[in-house]
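# Structure assessment
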Amino acid sequence: MSIATAFKLNHNNGLAINRYPPTVTPDISVDEALARMTQTHSSCLLVLANHQPNSPVVGIFTERDTVQLIASGVDWRTLSLASVMTTSVMTITETESQDIVIVINRLRQYKIRHLPVVGERGNLIGVITPQTIRDVLQPVDLLNHKKVSEVMATRVIHAMGTTSILELAQLMNAQRVSCVVIVE
């Protein structure tokens, strides 16, 4: 069975879509947003126009945005989420999300890790992430179809253990990476 077939079988049950992602409105502070991300153990917040169930997605705030804020040195505690969230949010319709090839291509093409799924009227259905896809696929499916060379990072960014958090955040932001190997 191919990965695409395995995904479609499991995806038809809606398992690849997190149907309850954390949502907020743009009027909260960055401080509140970070607390909400910590509280929900989430790597992103989807920002809705209002608290209504059919409210459209107007932004997204991710861990990557947090790193950029820290790296900029700005006092983020005084900022509203609306002033720092990403407003050009790439989405996918629930119908399009049925095809793993479209999902993977969209994540890769736009170099994103959070793909909000919207209904035909633009209302939020949920979010697809690499983790929700991994949760659907069985590890044996991945092992049978991938070589290490296909999934490994060839450009490894590193820093010394004495590097400050600010310097690390600036390095991560400049290199556009989500992790850094600490060396001695």
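Residues numbered from 1 in each chain as written. Predicted model: local features only at pLDDT ≥ 70, side-chain atom pairs only at ≥ 80, totals over all residues. Heavy atoms only, no water.

With that settled, consider the sheet that holds strand S4 (residues 92-93). Pairing is mixed across the open sheet formed by three strands, whose spatial order is S4-S5-S6. Either end of the sheet is taken by a strand with one partner, and the two such strands are S4 and strand S6 (124-128). Alignment of S4 against strand S5 (residues 115-118), held across two bridges, turns out to be parallel. Along S5, the bridge assignment pairs Thr-93 with Val-118. (Pairing = 2+ DSSP bridges. Helix = DSSP H or I, 4+ residues; strand = E, 2+ residues; numbered from the N terminus.)

Below, the discussion takes up the pattern of salt bridges. Using the criterion set out here, one finds three salt bridges in the structure. Ionic pairing is found between Arg-77 and Asp-75, a salt bridge with its closest N-O pair at 3.6 Å. Accessibility expressed as a relative area gives 41% for Asp-75, which makes it partly exposed. (Salt bridge = Lys/Arg side-chain N within 4 Å of Asp/Glu carboxyl O. Buried < 20%, exposed > 50% of the residue type's maximum accessible area, 1.4 Å probe, protein only.)

Among the residues making up helix H2 (residues 30-40), those that are buried are Val-30, Ala-33, Leu-34 and Met-37. Buried positions in H2, seen along its axis, are confined to an arc of 95 degrees and lie on one side of it. Each element contacted by the buried residues of H2 is listed here: strand S2 (44-48), strand S3 (57-62) and helix H3 (63-72). (Arc of directions from axis to C-beta. Contact = heavy atoms within 4.5 Å.)

Here we take up the sheet that holds strand S1 (residues 23-24). In space, the three strands of this open sheet follow the order S1-S2-S3, with mixed pairing throughout. Strands at the two margins of the open sheet, each flanked by one partner only, are S1 and S3. Sitting on the sheet, H2 touches S1, S2 and S3, and the angle it makes with S3 is about 70 degrees. (Axes fitted to C-alpha atoms, helices over the stretch in contact; angles between N-to-C directions.)

So, about the nonpolar core. In this structure, Val-30, Phe-61 and Leu-81 are the most contacted members of the largest nonpolar core, which totals 14 residues. It is H2 that contributes the most residues to this core, four residues altogether. Among the nonpolar cores identified, the runner-up in size contains 11 residues, and Val-103, Leu-107, Leu-115 and Val-117 belong to it. (Core = buried A, V, L, I, M, F, W, Y, C linked by side-chain atoms within 4.5 Å.)

Counting buried positions over the six residues of S3 gives five, a clear majority of the element. Where S2 and S3 come together, five bridges link them in antiparallel fashion. Along S3, the bridge assignment pairs Val-47 with Gly-59.

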